[in-house]
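Summary of the model geometry
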Amino acid sequence: MSPRPEPSPLVRDAVEADLPAIVAIYNATIPGGMVTADTTPVSVESRVPWFRTHSPERRPIWVVEDERGSVCAWFSFSDFHPRPAYHPTAEISVYVAETHRRRGLANLLLQRALDHAPTLGLKALVGLIWAHNEPSLRLCAKHGFETWGHLPRVALLYGVERDLIIVGRRVAP
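1. Structural notes on helix H2 (residues 44-52)
For H2, the complete set of buried residues consists of Val48, Trp50 and Phe51. Packing partners of the buried residues in H2 comprise helix H1 (19-29), strand S2 (61-65) and strand S3 (71-79).

2. Notes on the side chain of Thr36
Mapped onto the elements, Thr36 comes out in the loop between H1 and H2. Engagement of the side chain of Thr36 in a polar contact is seen with the backbone nitrogen of Asp38, the distance being 3.1 Å. If sequence neighbours within four positions are ignored, Thr36 has contacts with Tyr26, Thr29, Ile30, Tyr95, Trp130 and Leu157.

3. A look at the packing of aromatic side chains
Pairs of aromatic rings are described using the distance from one ring centre to the other and the angle between the two planes. Applying the stated rule across the entire model yields seven aromatic pairs. Plain terms: the ring middles of Trp62 and Phe75 are 5.5 Å apart, the flat faces sit at 25° to each other, and that makes the pair stacked. On the criterion of sequence distance, the pair formed by Trp62 in strand S2 and Phe75 in strand S3 is long-range, its members being 13 residues apart. Of the residues examined, Trp62 reaches a relative accessible area of 1% and is grouped as buried. Exposure remark for Phe75: the relative accessible area of 0% places this residue in the buried category.

4. With respect to the packing of H1 against H2
Think of two packed helices as two axes; the pair is described by the angle between the axes and how far apart they sit. At a minimum axis separation of 10 Å, H1 and H2 run at an interaxial angle of 110°. By the angle class used here, H1 and H2 are roughly perpendicular. Contacts between H1 and H2 involve Leu19, Pro20, Ile22 and Val23 from the first element and Val44, Arg47, Val48, Trp50 and Phe51 from the second.

5. Points about the nonpolar core
Nonpolar side chains tend toward joint burial in soluble globular proteins. Grouped together as the largest cluster of nonpolar side chains are 27 residues, with contacts concentrated most on Phe75, Phe77, Leu125 and Phe145. Every element with two or more residues in this core is listed here: S2, S3, strand S4 (89-96), helix H3 (105-116), strand S5 (124-130), helix H4 (134-142) and strand S7 (160-170). Of the residues forming this core, the biggest block, six residues, is contributed by H3. Apart from residues no more than four positions distant in its own chain, Leu125 is found in contact with Phe77, Ala90, Ile92, Ala113, Leu114, Ala117, Phe145, Trp148, Val167, Gly168, Arg169 and Val171. In this structure, Ile30, Trp50, Phe51 and Trp74 belong to the second largest nonpolar core, which totals 17 residues.

6. Topic: the environment of Ala28
You can see Ala28 is positioned in helix H1. Measuring from C-alpha to C-alpha, the distance between Ala28 and Ala14 comes to 19 Å, with 14 residues separating the pair along the chain.

7. Digging into the sheet that holds S2
Ordered in space as S1-S2-S3-S4-S5-S7-S6, the seven strands form an open sheet in which the pairing is mixed. The open sheet terminates on both sides in strands that have one partner only, identified here as strand S1 (10-13) and strand S6 (146-157). Averaged over all adjacent pairs, the angle separating strand axes in this sheet is 25°, with direction ignored. Of the pairings in the sheet, the one linking S2 to S3 comprises five bridges and is antiparallel in character. Considered in S3, the bridge of Val64 is made with Ala73. The strands that H3 touches are S1, S2, S3, S4, S5 and S7; relative to S3, the one it contacts most, it runs at about 35°.

8. Considering unusual backbone geometry
One non-glycine residue with positive phi stands out, namely Arg153, at about 50°. With respect to the secondary-structure elements, Arg153 resides in strand S6.

9. A closer look at the pairing of S5
Across the seven residues of S5, six count as buried, placing the element largely inside the fold. Pairing of S4 with S5 involves three bridges; the strand directions are parallel. In the strand pairing of S5, Ala90 is matched with Leu125. In terms of handedness, the path from S4 via H3 over to S5 forms a crossover that is right-handed. For S5 and S7, the ladder comprises seven bridges, and the chain directions are antiparallel. If you follow Ile129 over to S7, its bridge partner there is Ile165.

Procedures and definitions
Residues numbered from 1 in each chain as written. Predicted model: local features only at pLDDT ≥ 70, side-chain atom pairs only at ≥ 80, totals over all residues. Heavy atoms only, no water. Buried < 20%, exposed > 50% of the residue type's maximum accessible area, 1.4 Å probe, protein only. Helix = DSSP H or I, 4+ residues; strand = E, 2+ residues; numbered from the N terminus. Contact = heavy atoms within 4.5 Å. Polar contact = N/O pair within 3.5 Å; in protein donor to acceptor, adjacent residues only side chain to side chain. Phe/Tyr/Trp six-rings, centres within 6.5 Å; stacked < 30°, edge-to-face > 60°. Axes fitted to C-alpha atoms, helices over the stretch in contact; angles between N-to-C directions. Parallel < 35°, antiparallel > 145°, perpendicular 65-115°, else oblique. Core = buried A, V, L, I, M, F, W, Y, C linked by side-chain atoms within 4.5 Å. Pairing = 2+ DSSP bridges. Right-handed = clockwise from strand over helix to strand, strands pointing away.

Okay, here's the thing in structure tokens:
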């Protein structure tokens, strides 16, 4: 008897009630120094204004629910820059709970973003990735992102100067 295939994860638009799970996943990445420039945990309250700048029609946040219905990953499109000429470009972010990594969730979310971006009026996507975050750089390269910028030693993270790589990709209409 062949094993049952795992059910496809549920990806849906985030709602404000998901914010505690989104923040928990985000905060869990801080101590590792691989993903974010934050060095101390953020609060749910501090992220409410960020959440409210997003909308499913323009700059969605998506969450992935596991088989128990718990949020285990999230993705966001954010304004790259507030000036109107930059509106066709969005910054992307993807975070996966430690317990759910290496299951293809980041890959799933990034491909969904590429497929969905034109419906949001986007022409380009950019990501800001630490140069030492090789897994994220590989993920983006797999999806056709290229290095669009290299900012050497622009951050001091836990006493170490870090380079920031800007990856980008045009999206098809």
